[in-house]
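Descriptive analysis of the structure
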Amino acid sequence: MDTSLSQTKAKSSGDEVQEALRIWGRRPLSGNVRISGAKNSALVLMAGALLCPEQCRLRNVPALADINRMGQVLEALGVKLQRRGDALDIDASTLTTSKAPYELVSQLRASFFVIGSLVARLGSARVPLPGGCAIGARPVDLHVRGLQALGAEVRIEHGIVYADIKGSGGKLKGAKIYLDYPSVGATETLMMAATLAEGETIIENAAQEPEVADLANFCRAMGAKIRGAGTNTIIIVGVPRLHTTDYSIIPDRIETGTFLVAGAITGSEISLSPVIPEHLTPVIAKLREIGSEIIFEEPNRLRIIPGELQATDIATLPYPGFPTDMQAQFMTLLSLSEGNSVVSETVFENRMGHVPELVRMGADVRIKGENAIIRGVPMLSGAPVSGTDLRASAALVLAGLAADGETLVKGLHHLDRGYENLEGKLRKLGAKVERVTGNW
Ligand code: UD1
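These numbers come from a predicted model, not from an experiment.

Here is what the cut-offs are and how they apply
- Residues numbered from 1 in each chain as written.
- Predicted model: local features only at pLDDT ≥ 70, side-chain atom pairs only at ≥ 80, totals over all residues.
- Heavy atoms only, no water.
- Near = heavy atom within 4 Å.
- Polar contact = N/O pair within 3.5 Å; in protein donor to acceptor, adjacent residues only side chain to side chain.
- Areas by Shrake-Rupley, 256 points an atom, 1.4 Å probe, with all protein chains shown as cover.
- Helix = DSSP H or I, 4+ residues; strand = E, 2+ residues; numbered from the N terminus.
- Nonpolar A, V, L, I, M, F, W, Y, C, P; charged D, E, K, R; others polar.
- Axes fitted to C-alpha atoms, helices over the stretch in contact; angles between N-to-C directions.
- Parallel < 35°, antiparallel > 145°, perpendicular 65-115°, else oblique.
- Contact = heavy atoms within 4.5 Å.
- Buried < 20%, exposed > 50% of the residue type's maximum accessible area, 1.4 Å probe, protein only.
- Pairing = 2+ DSSP bridges.
- pLDDT = per-residue confidence, 0-100.
- Phe/Tyr/Trp six-rings, centres within 6.5 Å; stacked < 30°, edge-to-face > 60°.
- Lys NZ or Arg CZ within 6 Å of the ring centre and 35° of its normal.

Close to the ligand lie 19 residues, the nearest being R109, D141, S183, D325 and V347. The separation between an oxygen atom of the ligand and a polar side-chain atom of N40 is 3.0 Å. Taking V347, its main chain carries an N or O atom lying 2.6 Å from an oxygen atom of the ligand. Calculation on the ligand without its partners gives an accessible area of 730 Å², and the protein chains cover 87% of this total. Taken together, the elements giving at least two residues each to the shell around the ligand come down to α5 (141–149) and α6 (184–195). The element contributing the most residues to the shell around the ligand is α5, with 3 residues. Residue composition of the shell around the ligand, grouped by class: 9 nonpolar, 5 polar and 5 charged.

If you want it as structure tokens, here you go:
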């Protein structure tokens, strides 16, 4: 795969040369933003393509460091990839090994999700425990218990998860699985595994995120029998084999939400497409509470008309609740909103890394357990800051757009994981942003 797509040349620590975004704040934005394909869909659909012994084409695949990393994981498993523009051909007819490499999986949590496809297709999988953004412990117990319910023998030794199907022709067996928590990744892993199992699998208390439904639609396009994806009960009837398809990934609702906040925080009217407005229901509801008007212009276009910023409370929840992946960006917005707000992070236990950096820019935020208490301030002031994870970095870019003076957002390797050409898109809207390199 063409890894030149990687926007990340920076090193992340020490005195080495790093990339950063320099932002001159308080400039109005205007115009249209083109929203890219959903990162979290693309990553899991790439894992889903392993289920198919024929070449599949994914379209609307964003150019991101995480996608390149996932491509490398697939290539290490013997899969052939070819990228042309936003189309990615995945030929898993040559899937030869069930061992995913530690160096890659440890950098990207979503790559752990190949475990479901590998065990379904090859009868065995060896996948290291995952890495990813440092936002919490992020165990994989729900994935493991679900695979066991489907008849796999699973053990964890020396940091590697071994899953094997013993006996009965190497097939998983359909089962009823209740998830203690509606984990996105566990729902996806188990749905993929059940696709080629014998008989019927029912996943109860399943995650309802749009990316889960996108994966189900992709698998159905390959011949899988799945219904109920997007609700809390998913029923999968196993089929012996899947076939080729050509499938376009949904637009990224988190990128959309981030640009909506950019409009609200800079007092700018901007429009965004393509989007699926239903995927943004909680985000739009909160933006309206905070004072912006959101207009549905065409079936797939939104426009934000900003207003005076007012405080509100937000609690992150599994979909259709407010997304944890938008929590940091809204925290920035609320730090400039009139009045007191409380933001409760209930999904991940360690997702407030942006708070000390926002405080350095003049925000008034205190953390109490899983809650952040925010007193709105009239102004943020530009400063050098570091993103601790992907969405924290996005929150700091938003802070820089609104702040007085110059902000330097370091830790761009996080941003490049999940936002396609963020600075290019912001510049097109009129922001003054540049990528700079230095020894910070
Ligand atoms: C996915 C998204 C991530 C998003 C998250 C929640 C991808 C690639 N990433 O991550 O951007 O923030 O959904 O919307 O799609 N948990 C367990 N045991 C498990 C699995 C999860 O306890 O086996 C816990 C996690 O620690 C966390 C919570 O469940 O506290 C939610 O995690 P989960 O929904 O699994 O998130 P991911 O699939 O990792």
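Next comes the rest of the write-up.
Okay, the packing of helix α8 (residues 253–266) against helix α10 (residues 327–335) next. Contact pair α8 / α10: the axes reach a minimum separation of 10 Å and the direction vectors enclose 10°. With respect to their mutual orientation, α8 and α10 come out roughly parallel. Contact residues: α8 offers I254, T258, V261, A264 and I265, while α10 offers Q329, F330, T332 and L333. Of the residues contributing to the contact of α8 with α10, the split by class is 6 nonpolar, 3 polar and no charged.

Here strand β20 (residues 371–375) shows a clear split, with A372 and I374 buried on one side and none of N371, I373 and R375 buried on the other. Sheet topology places strand β18 (residues 340–344) next to β20; 5 bridges connect them, and they run antiparallel. Paired with V342 across the two strands is I373, which belongs to β20. When strand β19 (residues 364–368) meets β20, the two strands line up antiparallel, connected through 5 bridges. When the sheet's bridge partners are listed, D364 is paired in β20 with R375. Taking the residues that link successive antiparallel strands as the turn, the β19-β20 hairpin has 2 residues, and the phi of G369 there is positive, at about 60°.

Here the focus is the environment of L309. For L309, the location among the structural elements is in the loop between β16 (301–305) and β17 (314–315). Overall, L309 belongs to the buried group, its relative accessible area being 15%. Distance in space between the C-alpha atoms of L309 and Y247 is 40 Å, their sequence separation being 62 residues. Residues in contact with L309, not counting those within four places in the same chain, are A264, I290, L333, L336, S337 and E338.

Further remarks concern the sheet that holds strand β21 (residues 384–386). The pairing of strands in a sheet happens through backbone hydrogen bonds and is either parallel or antiparallel. Spatially, the 4 strands line up as an open sheet ordered β21-β22-β1-β23, and their pairing is mixed. Here the strands that pair on one side only, and so sit at the sheet edges, are β21 and β23 (432–438). With strand direction ignored, the average angle separating the axes of adjacent strands in the sheet is 25°. Contacts between helix α12 (residues 390–402) and the sheet are confined to β1 (18–24), β21, β22 (406–410) and β23, with β1 contributing the most and set at about 35° to the helix.

All right, on to the side chain of S117 then. On the secondary structure map, S117 appears in helix α4 (residues 114–122). The residues contacting S117, other than those within four sequence positions of it, are A47, G48, L50, L51 and M192.

Turning next to the confidence of the model for the chain. Averaged over the chain, the pLDDT score is 93; the fraction of residues at 70 or greater is 95%. A low-confidence stretch, residues 2–13 stays under pLDDT 50, and its non-local contacts, those more than four residues away or across chains, total 27 contacts.

Between two aromatic rings, the relevant description is the distance of the centres plus the angle of the planes. This structure, assessed with the given rule, holds 2 aromatic pairs. Aromatic pair F322 and F330: ring centres 5.0 Å apart, planes at 85°, arrangement edge-to-face. Across this residue pair, the class does not change: F322 and F330 are buried. Lying across the ring of Y162, R155 places its NZ or CZ 4.3 Å from the centre. The side chain of K432 reaches across the aromatic face of W24, ending 4.5 Å from its centre.

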